[in-house]
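Results of the structural survey
Below are the chains, spelled out letter by letter.
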Amino acid sequence: MIAVTLRLGIAPFLAIPLLLLNACAAQDFRGSLAGTVKDSAGAGIAGAKIVVQLAGSSMDRGTITDRAGEFRVDGLPPGDYRVTVSAKGLADATSIVSVLVDSVRQIDVTLLPILKETVNVRGELSSITAQPMQVTSTVEGGVITSRDLDTIPLANRSFANIAYLAPGTEP
C-alpha cells in the first residue's frame, strides 16, 4: 500500500515538467500573415502573387493564392512588412502590415481592374511662335493672324494690346 501511494505521489511531479515543456514549446516568436485576394465582384482570385518584404531590409517572402484566393505566409519575424499583391489583368495593391509575435494577421485584399486610357493631343504652333527672330536688326516685326487672335488670350481684349503678342515687344 505504501508503494502505491509513492507511485501516485511521484507521478504528478513527473507530469508537471512535461506539461510546462509542452506549454513553452507552443509559444512561437514568429508570426504569420493570412488572407484572401478578391476581385471587385468579390470572387477569389487564384494564382495571385503575394510578396511580403520586411521594412528596412532585403528579406522578402512570397506565395501564390490557392483556388479560393486564399494565402498564408508563416514564420515571419515580428515587424512591419510591405505586402504587395499582383494578378494578371488587375492593378497591384500595396500596404504596410504589422506582424506580431505568435499571431496570425488576417488581411483581405481587393484588386481592381486596370483602367487604361489613351489621350491623344494634337496641336499646332501659333504663327507667332513659329516666326524666326531677327538677329541682324534692332527692328522686330511679326505677323499676327486672325487665328492667333481667336486662340491666344488677349489682356482686356483691347485692340492696343495686340502688338504685345509679337515676340520682343513690351509696353
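Residues numbered from 1 in each chain as written. Predicted model: local features only at pLDDT ≥ 70, side-chain atom pairs only at ≥ 80, totals over all residues. Heavy atoms only, no water.

What about the overall build of the protein chain?
- The helix and strand inventory of the protein chain stands at three helices and seven strands.
- Its helices and strands in sequence order give the protein chain the pattern α-β-β-β-β-β-β-β-α-α, from N to C terminus.
- In the protein chain, which comprises 171 residues, the proportion classed as buried is 20%.
- Long-range contacts, defined here as pairs at least 24 residues apart, represent 50% of the contacts in the protein chain between residues at least 6 apart.
- Total accessible area on the protein chain stands at roughly 12600 Å², and carbon and sulfur atoms take up 59% of it. (Helix = DSSP H or I, 4+ residues; strand = E, 2+ residues; numbered from the N terminus. Buried < 20%, exposed > 50% of the residue type's maximum accessible area, 1.4 Å probe, protein only. Contact = heavy atoms within 4.5 Å. Areas by Shrake-Rupley, 256 points an atom, 1.4 Å probe, with all protein chains shown as cover.)

Overview of the side chain of Thr 36
- Here Thr 36 is to be found in strand E1 (residues 31-39).
- On the basis of relative accessible area, Thr 36 is assigned to the buried category, the value being 12%.
- In this structure Thr 36 touches Ala 68, Gly 69, Glu 70, Phe 71, Gln 106, Ile 107, Asp 108 and Val 109, once residues within four positions along its chain are discounted.

Details of the sheet that holds strand E3 (residues 60-64)
- Across the sheet, four strands lie side by side as E3-E2-E5-E6; this open sheet has antiparallel pairing. Looking at which strands have only one partner, the edges of the open sheet turn out to be E3 and strand E6 (93-99). The mean angle between the axes of side-by-side strands here comes to 20°, regardless of whether they run parallel or antiparallel.
- Taken together, the five bridges between strand E2 (residues 49-54) and E3 define a ladder with antiparallel strand orientation. When the bridges of E3 are listed, Val 51 appears paired with Gly 62. (Pairing = 2+ DSSP bridges. Axes fitted to C-alpha atoms, helices over the stretch in contact; angles between N-to-C directions.)

What to know about the pairing of E2
- Residues Ile 50, Val 52 and Leu 54 of E2 are buried on one face, while the alternating residues Lys 49, Val 51 and Gln 53, pointing to the opposite face, are not.
- A loop of five residues connects E2 with E3, the two strands running antiparallel in sequence, and Gly 56 in this loop sits at a positive phi of about 80°.

Concerning the nonpolar core
- In this structure, Val 37, Val 52, Val 83, Val 85 and Leu 111 are the most contacted members of the largest nonpolar core, which totals 20 residues.
- At the level of elements, E1, E2, strand E4 (70-76), strand E5 (79-86), E6 and strand E7 (104-111) are the ones that each hand at least two residues to this core.
- Apart from residues lying up to four places away in sequence, Val 37 is in contact with Ala 43, Gly 44, Ile 45, Ala 48, Ile 50, Thr 65, Gly 69, Phe 71, Val 85, Val 109 and Leu 111. (Core = buried A, V, L, I, M, F, W, Y, C linked by side-chain atoms within 4.5 Å.)

Concerning the confidence of the model for the protein chain
- The predicted model of the protein chain averages 78 in pLDDT, with 70% of residues at 70 or higher.
- The lowest-confidence element of the protein chain is helix H1 (residues 2-26), averaging 50 in pLDDT; the highest-confidence one is E2, averaging 95.
- pLDDT under 50 marks residues 1-8. Its contacts with residues more than four places away, or in other chains, come to zero contacts. (pLDDT = per-residue confidence, 0-100.)

Thoughts on the sheet that holds E7
- Spatially, the three strands line up as an open sheet ordered E4-E1-E7, and their pairing is mixed. Two strands close off the open sheet at either side, each with one partner strand: E4 and E7. Going across the sheet, the axis of each strand differs from the next one's by a mean of 20°, ignoring polarity.
- Of the pairings in the sheet, the one linking E1 to E4 comprises five bridges and is antiparallel in character. Bridge assignment links Leu 33 to a residue of E4, and that residue is Val 73.

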